[in-house]
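Spelled out, the chains give:
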Amino acid sequence: MDLYYRPGSAPCRSVLMTAKALGVEFDKKTIINTRAREQFTPEYLKINPQHTIPTLHDHGFALWESRAIMVYLVEKYGKDDKLFPKDVQKQALINQRLYFDMGTLYKSFSEYYYPQIFLKKPANEENYKKIEVAFEFLNTFLEGQTYSAGGDYSLADIAFLATVSTFDVAGFDFKRYANVARWYENAKKLTPGWEENWAGCQEFRKYFDN
Ligand SMILES: N[C@@H](CCC(=O)N[C@@H](CS)C(=O)NCC(=O)O)C(=O)O
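Under the annotation held in an unreviewed UniProt entry, the protein chain carries the name Glutathione S transferase D10, isoform A and is attributed to Drosophila melanogaster. Heading Subunit (unreviewed entry) of the UniProt record for the protein chain holds this comment: "Homodimer."

## A word on the UniProt feature "domain: GST C-terminal" (unreviewed entry) in the protein chain
Here, the residues flagged by UniProt with the feature "domain: GST C-terminal" (unreviewed entry) are residues 87-208. Secondary structure within residues 87-208 divides into 76% helix and 0% strand; the distance between the first and last C-alpha atoms comes to 42 Å.

## Description of the domain arrangement of the protein chain
One widely used convention gives an interface's size as the accessible area the parts lose upon coming together. We note that the domain assignment places domain 1 (2-77) and domain 2 (88-206) within the protein chain. Each partner contributes residues to the interface: domain 1 has 18 residues there, and domain 2 has 24 residues. Of the roughly 1,700 Å² buried between domain 1 and domain 2, counting both surfaces, carbon and sulfur atoms make up 68%. On the domain 1 side of the interface with domain 2, the three residues burying the most area are Arg-13, Met-17 and Arg-67, jointly 41% of the side's total. Viewed at the interface, domain 2 and domain 1 are joined by two salt bridges. In this structure, the salt-bridge partner of Asp-101 is Arg-67, at a minimum N-O distance of 2.9 Å. At the surface where domain 1 touches domain 2, the tally comes to five residue pairs in polar contact (both at pLDDT 80 or more). Where the side of domain 1 that touches domain 2 is concerned, the elements lending two or more residues are helix H1 (10-22) and helix H3 (66-77).

## Looking at unusual backbone geometry
Look at the link from Ile-53 to Pro-54: it is a cis peptide, with omega at 0°. Secondary-structure assignment places Pro-54 in the loop between helix H2 (42-47) and strand E3 (55-58). Despite not being glycine, His-51 shows a phi value in the positive range, around 50°. Looking at the element boundaries, His-51 is found in the loop between H2 and E3.

## Observations regarding the packing of aromatic side chains
Each pair of aromatic rings is reported with the distance of its centres and the angle of its planes. Scanning all chains against the criterion turns up 32 aromatic pairs. Between the aromatic rings of Phe-100 and Phe-141, the centroid separation amounts to 5.0 Å while the plane-to-plane angle is 75°, which identifies the pairing as edge-to-face. One end of the pair, Phe-100, is in helix H4 (residues 88-119); the other, Phe-141, is in helix H5 (residues 125-141), with 41 residues separating them in the sequence. You can call Phe-100 buried: its relative accessible area is 7%. Ring geometry for Tyr-184 against Trp-194: centres 6.0 Å apart, planes inclined by 85°, an arrangement best described as edge-to-face.

## Topic: helix H6 (residues 155-170)
Along an α-helix, residues three or four apart share an orientation, since each turn contains 3.6 residues. Taking 1.5 Å of rise per residue, the 16 residues of H6 would be expected to cover 22 Å, and the 23 Å separating its terminal C-alpha atoms lies within 8% of that figure. Burial of H6 is extensive: 15 of the 16 residues sit out of reach of the surface. Gly-171 sits one or two residues past H6 and shows a positive phi near 90°.

## Digging into the layout of surface pockets
Approximately 670 Å³ is the volume found for the largest pocket. Taken together, 24 residues make up the lining of the largest pocket; nearest its centre are Ser-9, Pro-11, Thr-52, Ile-53 and Tyr-114. Breaking the lining of the largest pocket down by element, the ones donating at least two residues are H1, H3, H4 and helix H8 (194-209). Sort the elements by how many residues they give to the lining of the largest pocket and H4 lands first, with six residues. Of the residues contributing to the lining of the largest pocket, the split by class is eleven nonpolar, eight polar and five charged. For the lining of the largest pocket, the domains that each give at least three residues are domain 1 (2-77) and domain 2 (88-206).

## Brief notes about the environment of Asp-173
For Asp-173, the position within the fold is in the loop between H6 and helix H7 (178-190). For the pair Asp-173 and Glu-132, spaced 41 residues apart in sequence, the C-alpha to C-alpha distance is 9.9 Å. Only 3.3 Å separates the side chain of Asp-173 from the backbone nitrogen of Lys-175, close enough to count as a polar contact.

The rules behind these values
- Residues numbered from 1 in each chain as written.
- Predicted model: local features only at pLDDT ≥ 70, side-chain atom pairs only at ≥ 80, totals over all residues.
- Heavy atoms only, no water.
- UniProt positions renumbered as here; feature names shortened; annotations may be inferred.
- Helix = DSSP H or I, 4+ residues; strand = E, 2+ residues; numbered from the N terminus.
- Domains from an automatic or database assignment.
- Contact = heavy atoms within 4.5 Å.
- Buried area = accessible area lost by both parts, 1.4 Å probe.
- Salt bridge = Lys/Arg side-chain N within 4 Å of Asp/Glu carboxyl O.
- Polar contact = N/O pair within 3.5 Å; in protein donor to acceptor, adjacent residues only side chain to side chain.
- Phe/Tyr/Trp six-rings, centres within 6.5 Å; stacked < 30°, edge-to-face > 60°.
- Buried < 20%, exposed > 50% of the residue type's maximum accessible area, 1.4 Å probe, protein only.
- Expected span 1.5 Å × (residues − 1).
- 1 Å grid on protein atoms, 1.4 Å probe; cavity = no way out; pocket = protein on both sides within 12 Å on 5 of 7 lines; lining within 4 Å.
- Points joined across faces, edges and corners; volume = space filled by probe spheres on them.
- Nonpolar A, V, L, I, M, F, W, Y, C, P; charged D, E, K, R; others polar.

Below you can see the structure in the form of structure tokens.
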């Protein structure tokens, strides 16, 4: 089973942490330098016509979208269902958080920071407000909770950890969201592969400087 990824990429880091938590090893980990447009080679487009990373290639079966890959890894290779329980309501809540992470929280990151990092455009205040709104929501989800989706640690915590650490390295002051700050400190300790994730965040940080 092969993984195409880049260490700095947040969606790739969430897949790497999931694999670590499951004890899954990839036969081959191939770095795709998206800034050098390596995702547009005919070989890569054959595997993933949408040309995104991460992409998993499991003996002929290709899958992209990080959160879909995370679920697949648990369902196919997990020794148990702890990270993504079979219980319908527990699973539904985790899905809600994963969709929120992709469609609201990480989206607010990409809308605000990407134009500044990649296009060297000035900061947009409206988009900054969307980040604050998303963090307010996450803070509310975490009120009185140790984990981000119900009573147990799950894929939602791993996905949020990849996202929130990206905000952290970007310098967004999320410590004012007390529940998020508390959850983050705990999730860092609990999540296998945190160190690799943080090293990847430092790689990502370099985009800000050049
Ligand atoms: N929602 C996707 C986002 C994937 C994505 O946009 N990855 C970026 C790198 S962080 C990428 O592949 N960019 C290059 C491209 O789209 O051509 C996921 O979670 O996997």
